[in-house]
Protein chains: 2
Amino acid sequence: MATYLIRKLEQFTQLSSEDKQKLERAAAAKVRVVRPREDIIREGDKPRQVNLILDGWACRYKVLEDGRRQIVGFLVPGDVCDIRMFILKQIDHSMGALTPVRVAEIPSDTLLDVIDTSPRLTRAMWWNSLVEEAISREWTTSLGQREAIERLSHLFCELYFRLKAVGLTENGQGRKSFEFPVTQDQLADATGMSTVHVNRTLQLMREQELIIWKGKTVTIPDLEALMSVAMFNANYLHLDRDGHELDANEP
Amino acid sequence: MATYLIRKLEQFTQLSSEDKQKLERAAAAKVRVVRPREDIIREGDKPRQVNLILDGWACRYKVLEDGRRQIVGFLVPGDVCDIRMFILKQIDHSMGALTPVRVAEIPSDTLLDVIDTSPRLTRAMWWNSLVEEAISREWTTSLGQREAIERLSHLFCELYFRLKAVGLTENGQGRKSFEFPVTQDQLADATGMSTVHVNRTLQLMREQELIIWKGKTVTIPDLEALMSVAMFNANYLHLDRDGHELDANEP
DNA sequence: GACGAGCGTTAACCCTTGTTATCCCACTGT
DNA sequence: ACAGTGGGATAACAAGGGTTAACGCTCGTC
């Protein structure tokens, strides 16, 4: 159940089989299914438990008074929606399902207990939330400095590396691909662009063979080219366990 | 020494005098002075200690390969630069002084010890980093959805509330003001706008009497008006200890 | 007292991106 | 077979904001 989370945490540090079992048990407690467009948590809710994405895609988003919406992050399998938030009186942003999503509802106490009894897990969960913070800063940088094509390219790079870390990418004949069940509308909300301009820019990216996007599958024919356009530097994802360098050509 | 940090944390919870003394002692250990334009920490550095801003203004920023710079957050007195980062191998963004800054260098162990021996402080520090995350998401929202005048207005609102929390605002004749030693250039890097457009937009804001900015002092003649333009909702700063509502008219 | 650095201000022009409005296709339910 | 809906693709036009290039003011320094 918690396979993806475990895979992700193991990017940071090796977990003992005991640690893994603890996570598995915690995630197995209660599973909820959320349909597309439904919220997993809504801004203003009081945090009661911690939500772990088991399957499907979701996003964090904020809505302005006049209805404008900004997606501030994508949530993929293995992502924990709201760890540590239980010390706040209310959540300051919403999380909504983009596809059918299976969520494990872990009672705060259970998670606290899991963490308290394993320093290694504590560190791994800290690492995880530091990475989320770093991703948020990188989004700010993208929205502030990168222009349309760079911004989209950067997002595809980010998602490729994150999905690779949980084993949700494929690598056939040097072409990397992954499931990407997001509409252009949602992509517009995430990149701060209009739908029309997202579409225009995607056409351009296809022309330049930066991505191939058919149905719900995105293929990256040349990751280094995409990274170069995006000025993507994977350091902020902190995936370099044991100082081992990230390499675009590695499977 | 740690006065501002203590004031900030007390927005979240009452601290015992013992807690406060612990923080004071930790902050008194070693103080470094950083000159304007110098870095407090540079991207790629290995975190060795935790830096607490005692005095002055700084910012977090990221630089793209081609030199474009995005400021991803402002650091004011009482802000902790890099708590929790010591579990990472390297820092993923730089922090630079905007004015002369006095920084307390707190050894990681000291801080861990302080936190470990006081659950209340632990929670307060957690709360603090959750607020920082929330601010980062709000910046993403601003850059993605708010247009120039809204974006600048929002930033002034954020800074007003943050500075109020540490006692660095004044409130004479209903007009709120604070020291704001930031150049239009830096404001441009923070809002993802060009310097020229920052200037244009500031002129507009002065015309509409949203702000008065003379020398290094910003005055807000009508906070509610500014908040309205910015579509500012202070919830994300989580300053509502004991469920007490935030009110623009309160001193 | 002259000079330059740093910062703010303005104008003219242009380009990236947003807006509005169609049209098309694939899917779904009846 | 039909309409309805959601998603994608395009075109024409408008506008917000970037770029470039001046100019001016206030310091601090020699």
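Reading the values: rules and limits
- Residues numbered from 1 in each chain as written.
- Chains lettered and ligands numbered in written order.
- Predicted model: local features only at pLDDT ≥ 70, side-chain atom pairs only at ≥ 80, totals over all residues.
- Heavy atoms only, no water.
- Pairing = 2+ DSSP bridges.
- Helix = DSSP H or I, 4+ residues; strand = E, 2+ residues; numbered from the N terminus.
- Axes fitted to C-alpha atoms, helices over the stretch in contact; angles between N-to-C directions.
- Contact = heavy atoms within 4.5 Å.
- Domains from an automatic or database assignment.
- Buried area = accessible area lost by both parts, 1.4 Å probe.
- Salt bridge = Lys/Arg side-chain N within 4 Å of Asp/Glu carboxyl O.
- Polar contact = N/O pair within 3.5 Å; in protein donor to acceptor, adjacent residues only side chain to side chain.
- Nonpolar A, V, L, I, M, F, W, Y, C, P; charged D, E, K, R; others polar.
- Near = heavy atom within 4 Å.
- pLDDT = per-residue confidence, 0-100.

Draft legend 1. View of the sheet that holds strand β8 (residues 169–172) of chain A. All names here are of chain A. Strand order in this open sheet of 4 strands is β8-β9-β11-β10, and the pairing throughout is antiparallel. The sheet terminates laterally at β8 and β10 (212–214), the two strands that pair on one side only. Within the sheet, the average angular offset between the axes of one strand and its neighbour, ignoring direction, is 20°. Direction of pairing for β8 relative to strand β9 (residues 175–179): antiparallel, over a ladder of 4 bridges. Directly across from Thr169, in β9, lies its bridge partner Phe178. In this fold helix α5 (residues 148–165) packs onto β8, β9, β10 and β11 (217–220), with an angle of close to 85° to the strand it touches most, β9.

Draft legend 2. View of the domain arrangement of chain A. Residues and elements named next belong to chain A. Each domain of chain A was delimited in the assignment, giving domain 1 (3–131) and domain 2 (147–243). Centre-to-centre separation of domain 1 and domain 2, based on C-alpha positions: 23 Å. Contact with domain 1, which involves 21 residues of that partner, is made by 21 residues of domain 2. When domain 1 packs against domain 2, close to 1900 Å² is buried across both sides, 59% of that on carbon and sulfur atoms. The three residues of domain 1 that bury the most area against domain 2 are Gln11, Trp57 and Phe74, which together make up 35% of that side's buried surface. Viewed at the interface, domain 2 and domain 1 are joined by 2 salt bridges. The shortest N-O distance in the salt bridge between Asp79 and Arg162 comes to 2.6 Å. At the boundary of domain 1 with domain 2, the tally comes to 9 residue pairs in polar contact (both at pLDDT 80 or more). Only α1 (3–9), β5 (69–75) and α4 (119–145) provide two or more residues apiece to the side of domain 1 that touches domain 2. Counting residues per element, the side of domain 1 that touches domain 2 draws most heavily on β5, at 5 residues. When the residues that make up the side of domain 1 that touches domain 2 are grouped by side-chain class, the tally is 11 nonpolar, 5 polar and 5 charged.

Draft legend 3. Here's a closer look at the protein's contact with DNA strand D. The environment of DNA strand D is made up of 16 residues, and the closest members are Gln184, Asn199 and Arg206 of chain A together with Val196 and Arg200 of chain B. By atom count, sugar and phosphate contribute 67% of the portion of DNA strand D lying within 4 Å of the protein. A distance of 3.2 Å separates a phosphate oxygen of DNA strand D from a polar atom in the side chain of Arg37 of chain A. Contact between DNA strand D and Gly192 of chain B: a phosphate oxygen at 3.4 Å from a main-chain N or O atom of the residue. At 5 residues, the largest contribution of residues to the surface near DNA strand D is made by helix α7 (residues 195–207) of chain A.

Draft legend 4. Inspection of the protein's contact with DNA strand C at higher detail. Neighbouring DNA strand C are 16 residues; Ser194 and Arg200 of chain A together with Arg37, Gln184 and Asn199 of chain B lie closest to it. Here, DNA strand C places atoms within 4 Å of the protein, and 68% of those atoms are sugar or phosphate. With respect to DNA strand C, the side chain of Asn199 of chain B contributes an N or O atom lying 2.6 Å from a phosphate oxygen. Among the secondary structure elements, those contributing two or more residues to the surface near DNA strand C are α7 of chain A together with α7 (195–207) of chain B. By residue class, the composition of the surface near DNA strand C is 4 nonpolar, 7 polar and 5 charged.

Draft legend 5. Focus on unusual backbone geometry. Residue and element names in this part refer to chain B. Residue Arg37 is not a glycine yet carries a positive backbone phi of 75°. Here the phi dihedral of Met231 falls at roughly 50°; this positive angle occurs in a residue that is not glycine. Tracing the backbone shows Met231 in the segment after α8 (223–230).

Draft legend 6. Summary view of the confidence of the model for chain A. Summary statistics for chain A give a mean pLDDT of 92 and a share of 96% for residues scoring 70 or more. With pLDDT under 50 throughout, residues 243–251 of chain A is counted as low confidence; its partners more than four residues away or in other chains account for 16 contacts.

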